[in-house]
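# Structural features, examined
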Amino acid sequence: MKTFFKFGALAVVILIAIPIAQYKTVSPCQMLKKELVAQAEKSAAEATDALQEEVGAYGEGAAEIAEGVASVVENVAVGVASGVAAAKVERMSMGECVSELWRIKVKGEEP
């Protein structure tokens, strides 16, 4: 029985340590903010890649121009998403942050 409790305690420590190591913070609201920004960066990068593939068919010059424009648009989009995430998280309580983070990370739902 004593060994069972040791394994249980170890499992709890691991479950707590993994998110802290992933987000480098203990605050659930900061974890949520970082997750929202990471998802925005991922979707902006995917959109940029898709644009570059589509424009690549028109030639090398068009691809270079599209790459520059896409880079600027991606940076602006990530900046805006970061501001929106910060504003959203500031209005939320810790419990709301935890439930939203759970919904996004565990259930795989969109923010």
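Residues numbered from 1 in each chain as written. Predicted model: local features only at pLDDT ≥ 70, side-chain atom pairs only at ≥ 80, totals over all residues. Heavy atoms only, no water.

## Quick word on helix α4 (residues 94-105)
- Relative to the 16 Å expected for twelve residues at 1.5 Å per residue, α4 spans 16 Å between its end C-alpha atoms, a close match to the ideal helical length.
- Taken as a whole, α4 has its buried residues at Cys97, Glu100, Leu101 and Ile104. Down the axis of α4, the buried set is contained in an arc of 100°. They therefore lie on one face. (Helix = DSSP H or I, 4+ residues; strand = E, 2+ residues; numbered from the N terminus. Expected span 1.5 Å × (residues − 1). Buried < 20%, exposed > 50% of the residue type's maximum accessible area, 1.4 Å probe, protein only. Arc of directions from axis to C-beta.)

## Here's the deal with the nonpolar core
- Grouped together as the largest cluster of nonpolar side chains are eleven residues: Cys29, Met31, Leu32, Leu36, Val37, Ala85, Val89, Met92, Cys97, Leu101 and Ile104.
- For this core, the element with the highest residue contribution is helix α2 (residues 28-56), accounting for five residues.
- Those residues in contact with Leu36 that sit more than four places away from it in its chain are Ala85, Lys88, Val89, Ile104 and Pro111. (Core = buried A, V, L, I, M, F, W, Y, C linked by side-chain atoms within 4.5 Å. Contact = heavy atoms within 4.5 Å.)

## Remarks on the environment of Val69
- Relative to the helices and strands, Val69 resides in helix α3 (residues 60-90).
- For Val69, a relative accessible area of 48% puts it in the partly exposed group.
- For the pair Val69 and Thr48, spaced 21 residues apart in sequence, the C-alpha separation works out to 9.4 Å.

## Here we look at the confidence of the model for the protein chain
- The predicted model of the protein chain has a mean per-residue pLDDT of 79, with 89% of residues at 70 or higher.
- Mean pLDDT across the elements of the protein chain bottoms out in helix α1 (residues 2-23) (71) and peaks in α4 (86). (pLDDT = per-residue confidence, 0-100.)

## Notes on a nonpolar patch on the surface
- A surface patch of nonpolar side chains, amounting to about 410 Å² of accessible area, comprises Phe7, Leu10, Ile14 and Ile18.
- Take Leu10: it is sitting in helix α1. (Patch = residues over 30% accessible without salt bridge, like charges linked within 9 Å, V, L, I, M, F, W, Y side chains within 5 Å. Areas by Shrake-Rupley, 256 points an atom, 1.4 Å probe, with all protein chains shown as cover. Salt bridge = Lys/Arg side-chain N within 4 Å of Asp/Glu carboxyl O.)

## Thoughts on the side chain of Glu100
- Mapping Glu100 onto the fold places it in helix α4.
- Judged by relative accessible area, Glu100 falls into the buried class, the value being 12%.
- Not counting chain neighbours up to four residues away, the residues in contact with Glu100 comprise Leu32, Lys88, Met92 and Pro111.

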